[in-house]
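Structural characterization, general
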Amino acid sequence: MLRVLRSGVLSKGAEVAAFESEFGGIVGGRSCIAVCSGTAALHLLLLAHGIGPGDEVVVPSFTFAATANAVRLTGATPVFADIDPASFCLDSESVTSVLSERTVAILAVHLFGHPVDAPALRGIAQRKGLLFLEDAAQAHGAQIGGSPVGALGDGAAFSFYPTKNMTTGEGGMVVVSDPAVAERVRLLRNQGMAASGDHRVVGFNLRMTEIEAAIGRVQLLSLAARTATRIAHATEFDVGLRGVSTPFRSAGILHVYHQYTIRTPRRDALSAYLRAAGIETRAYYAVPVHRLAPYAAECALPHTECAADEVLSLPVGPHLSASEIAHVITTVGDWGDC
Ligand SMILES: *Cc1c(COP(=O)(O)O)cnc(C)c1O
């Protein structure tokens, strides 16, 4: 950050370019375009693929509102599909059941750091001629079958909000496979401007600053170590927790535990018990997107509804000490006994 301040170049400089090229290292070398938030990344990803009014995009309802908001902001319609109750990610049979002649894309979320069933969803997209896009806001470095998220489909969006697995304060990254789409994202990010006096389309200002990019470059260096800590905490929880359902584990999946999310039908009682013991938890997502005011859709999403009532995310990550993790395990066990 001091290097940037001393240089006097605070925007559109070498740090953003370097961060984009270094981030390519965790997404199979694809084209990366840094922007000011994960929501901006999703919005530009969709716009640059030509998605707009009249189009339908299949999304999960069990996610953060930004996934569906980005679809709405293009003028397209988000169509909600249900989740696989084990992984909390889009269920391919439910996706198939909501496709229509207006569907143009599947926007899947790697929820809590668990990669979606990309082979199944990509197969549907290929058979139906749809785009397969990834909301990877919670899954930096996650893998399925040895392939990194962000390189599983036609394009992806990452977030660098402070709670995510890596941060730039605020920020996001668009990742795409097609160089022509990458060029459109670059234009849309910066007023549609190819060069001074040469504005090709109506664009936004959704640029990342040089200070944010400098933070991102340092965060990227420690991402692997911090992810390893998350996985180590998750492993301790998997072994130690009693009386609750722990996250699904399966071969070939590298889960990066943006959240460590357990399930119990007595979720609110457990949350209150943990709070009394000094442990903060969150129910992500107690209100699924299809029940939020701007969407308020009548959908039959039984697995989404059930998860919304039962999930609880425990503290996980490099800010926690070994004794704090042990305290969580003991306290959840004590609650199970009472
Ligand atoms: C955080 C998040 C976003 C939005 O990212 P911002 O950087 O906060 O705009 C989008 N989708 C999901 C699933 C998220 O968790």
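Data block above holds the structure.
The rules behind the values
Residues numbered from 1 in each chain as written. Predicted model: local features only at pLDDT ≥ 70, side-chain atom pairs only at ≥ 80, totals over all residues. Heavy atoms only, no water. 1 Å grid on protein atoms, 1.4 Å probe; cavity = no way out; pocket = protein on both sides within 12 Å on 5 of 7 lines; lining within 4 Å. Points joined across faces, edges and corners; volume = space filled by probe spheres on them. Nonpolar A, V, L, I, M, F, W, Y, C, P; charged D, E, K, R; others polar. Near = heavy atom within 4 Å. Polar contact = N/O pair within 3.5 Å; in protein donor to acceptor, adjacent residues only side chain to side chain. Areas by Shrake-Rupley, 256 points an atom, 1.4 Å probe, with all protein chains shown as cover. Helix = DSSP H or I, 4+ residues; strand = E, 2+ residues; numbered from the N terminus. Buried < 20%, exposed > 50% of the residue type's maximum accessible area, 1.4 Å probe, protein only. Contact = heavy atoms within 4.5 Å. Phe/Tyr/Trp six-rings, centres within 6.5 Å; stacked < 30°, edge-to-face > 60°. Disulfide = S-S within 2.5 Å.

A few words now on empty space enclosed by the protein. Where empty space is left can be seen by rolling a probe of water-molecule size over the atoms. Evaluated as defined, the whole model comprises one cavity of 30 Å³ or more. Space inside the largest cavity adds up to approximately 60 Å³. Residue lining of the largest cavity: A86, S87, F88, L111, F112, H114, P247, F248, H255, Q259 and T261, and that is the complete set. Here the residues of the lining of the largest cavity sort into six nonpolar, five polar and no charged.

A few words now on the site of the ligand. The environment of the ligand is made up of 16 residues, and the closest members are G38, T39, D135, S159 and K164. At 2.7 Å, a side-chain N or O of S159 approaches an oxygen atom of the ligand. Protein chains shield 92% of the accessible area of the ligand, which is 380 Å² for the free molecule. At the level of elements, α3 (38-48) and α4 (66-73) are the ones that each hand at least two residues to the shell around the ligand. Element by element, the count of residues in the shell around the ligand is highest for α3, at three residues. Considering only residue class, the shell around the ligand consists of six nonpolar, eight polar and two charged.

On to the layout of surface pockets. Reported here for the largest pocket is a volume of approximately 950 Å³. In terms of lining, the largest pocket is formed by 45 residues, of which the most central are T163, K164, H258, Q259 and Y284. Sorting the residues of the lining of the largest pocket by element identifies α3, α4, α8 (210-240), β14 (311-314) and α11 (322-337) as the ones contributing at least two each. For the lining of the largest pocket, a count of residues per class yields 19 nonpolar, 18 polar and eight charged. Estimates place the volume of the second largest pocket at around 200 Å³. K12, R186, R189, N190 and R207 are the residues nearest the centre of the second largest pocket, which is lined by 15 residues in total. Breaking the lining of the second largest pocket down by element, the ones donating at least two residues are α2 (14-23), α7 (179-189) and β10 (193-195). With four residues, the single largest contributor to the lining of the second largest pocket is α7.

Now for helix α6 (residues 118-128). Turning to α6, its buried residues are A118, L121, G123, I124 and A125. The inward-facing, buried residues of α6 contact α5 (92-98), β4 (103-109), β5 (131-135) and β6 (143-144).

Within this structure, the stated rule accounts for 13 aromatic pairs. Centroid distance F23 to F160: 5.5 Å. Interplanar angle 80°. Geometry classified as edge-to-face. Of this pair, F23 sits in helix α2 while F160 is found in the loop between β8 (155-159) and β9 (172-176), placing the two residues 137 residues apart along the sequence. For F160, a relative accessible area of 0% puts it in the buried group. For the pair Y284 and Y285, a centre-to-centre distance of 5.5 Å together with 50° between the ring planes defines the contact as tilted.

Below, the discussion takes up the state of the cysteines. A full pass over the atoms with the stated rule returns zero disulfides. Free of any disulfide, C32 has its nearest neighbouring cysteine sulfur in C36, separated by 16 Å. Cysteine C89 remains unbridged, with the sulfur of C306 as its closest cysteine sulfur at 16 Å. The class of C89 is buried, set by a relative accessible area of 1%.

So, to be careful, I would describe these as geometric facts and stop short of saying anything about function.
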